[in-house]
Amino acid sequence: RQLVVAIDGPSGSGKSSVSREVARRFGLAYLDTGAMYRALTWWCLDRGVDLSDGDAVVEAARALPLAQGTDPDRELVFVGGADVGAEIRGARVTEAVSAVATNPAARAVLVARQQELIADSGRRIVAEGRDTTTVVAPDADARILLTADERARMARRGLQNGGVEDAEQLRARVVGRDAKDATVVNFTEAADGVVTIDSSELTVEQTVQAVIDVVVR
Ligand code: CDP
């Protein structure tokens, strides 16, 4: 039976771990749309594409030789045969990704690919990102906006980065990226029919349960 779950939210809201776990519990595929923006950014940087040249970025999006897996237990992101799974999480890509994500025509190209992956899953998938509830899969069976207050989001991001970073620097970076992203996609308030879950005071397991409650109701 078809089951599409769309989960959006800002950086540090717990989207990725929660989405992966929800996919496992229901035996669904998992689509990390953010990884696609990161892979495109990596490729642009690798090939020396000027990120401020909108047309060049769109051309790169069209030509992007991407192989992305949808197994929640195995992240697989290959660009032109190179395994970029680790590099796309690095600071270089993270700092540059908003330049790509704020390009509407490049977004359209990636959204079409995301919709193909959803179709390829037999529409049994958890899709996660910033615009899956509104643009990629507005027809999803369950649509969730996962939020968390700034304090919780910074704490989670800090842990992911190994706790080595200065707290104020981290805040400036994360809030700055979210602000740039929010200029093209509104993921700060829930669209019609989208259920908001605030994970600030919840553990991952409690958040997973809250999502499951929305899916089964
Ligand atoms: O690391 P974080 O969870 O904040 O982000 P991500 O899900 O890995 O996405 C990385 C970047 O891709 C975001 O900062 C956005 O610029 C962009 N993105 C987007 O524009 N639309 C999506 N559906 C997913 C990601």
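The sections below set out a description of the structure shown in this document. (Residues numbered from 1 in each chain as written. Predicted model: local features only at pLDDT ≥ 70, side-chain atom pairs only at ≥ 80, totals over all residues. Heavy atoms only, no water.)

The next subject is the packing of aromatic side chains. Under the definition given, this model contains 0 aromatic pairs. For the cation-ring pair, R47 lies above W43, with the distance from its terminal atom to the ring centre recorded as 4.0 Å. (Phe/Tyr/Trp six-rings, centres within 6.5 Å; stacked < 30°, edge-to-face > 60°. Lys NZ or Arg CZ within 6 Å of the ring centre and 35° of its normal.)

Among all positions of helix α3 (residues 54-63), only V57, V58, A60 and A61 are buried. One side of α3 holds all its buried residues, which, seen down the axis, span an arc of 160°. Across α3 from its buried face, at more than 90 degrees, point the exposed residues D55, E59 and R62. The inward-facing, buried residues of α3 contact α2 (33-47), α4 (91-101) and α5 (104-120). (Buried < 20%, exposed > 50% of the residue type's maximum accessible area, 1.4 Å probe, protein only. Helix = DSSP H or I, 4+ residues; strand = E, 2+ residues; numbered from the N terminus. Arc of directions from axis to C-beta. Contact = heavy atoms within 4.5 Å.)

Attention now goes to the packing of α2 against α4. Relative orientation of the contacting elements α2 and α4 amounts to 100°, with a least axis distance of 8 Å. Overall, the two elements α2 and α4 adopt an arrangement that is roughly perpendicular. On the side of α2, the interface is formed by Y37, R38, L40, T41, W42, L45 and D46, while α4 contributes R92, V93, T94, A96, V97, V100 and A101. Classifying every residue of the contact of α2 with α4 by side-chain character gives 9 nonpolar, 2 polar and 3 charged. (Axes fitted to C-alpha atoms, helices over the stretch in contact; angles between N-to-C directions. Parallel < 35°, antiparallel > 145°, perpendicular 65-115°, else oblique. Nonpolar A, V, L, I, M, F, W, Y, C, P; charged D, E, K, R; others polar.)

Contacts to the ligand come from 17 residues, most closely from R38, R107, D131, R177 and D181. A distance of 3.0 Å separates a nitrogen atom of the ligand from a polar atom in the backbone of R130. Interatomic distance of 2.9 Å between a side-chain N/O atom of R157 and an oxygen atom of the ligand. Across the complex, the protein chains shield 97% of the 520 Å² of accessible surface that the ligand would expose by itself. (Near = heavy atom within 4 Å. Polar contact = N/O pair within 3.5 Å; in protein donor to acceptor, adjacent residues only side chain to side chain. Areas by Shrake-Rupley, 256 points an atom, 1.4 Å probe, with all protein chains shown as cover.)

Pairing within the open sheet is antiparallel, and its 3 strands lie in the order β3-β4-β5. With one partner strand each, in any of the chains shown, β3 (66-68) and β5 (82-83) form the two edges of the open sheet. Two elements, strand β4 (residues 77-79) and β5, share 2 bridges in a ladder whose sense is antiparallel. Each residue of the ladder has a partner; that of F78, found in β5, is D83. On the sheet, α2 packs against β3, β4 and β5 and is oriented at approximately 30° with respect to β4. (Pairing = 2+ DSSP bridges.)

No statement about biological role is implied by the geometric values presented.
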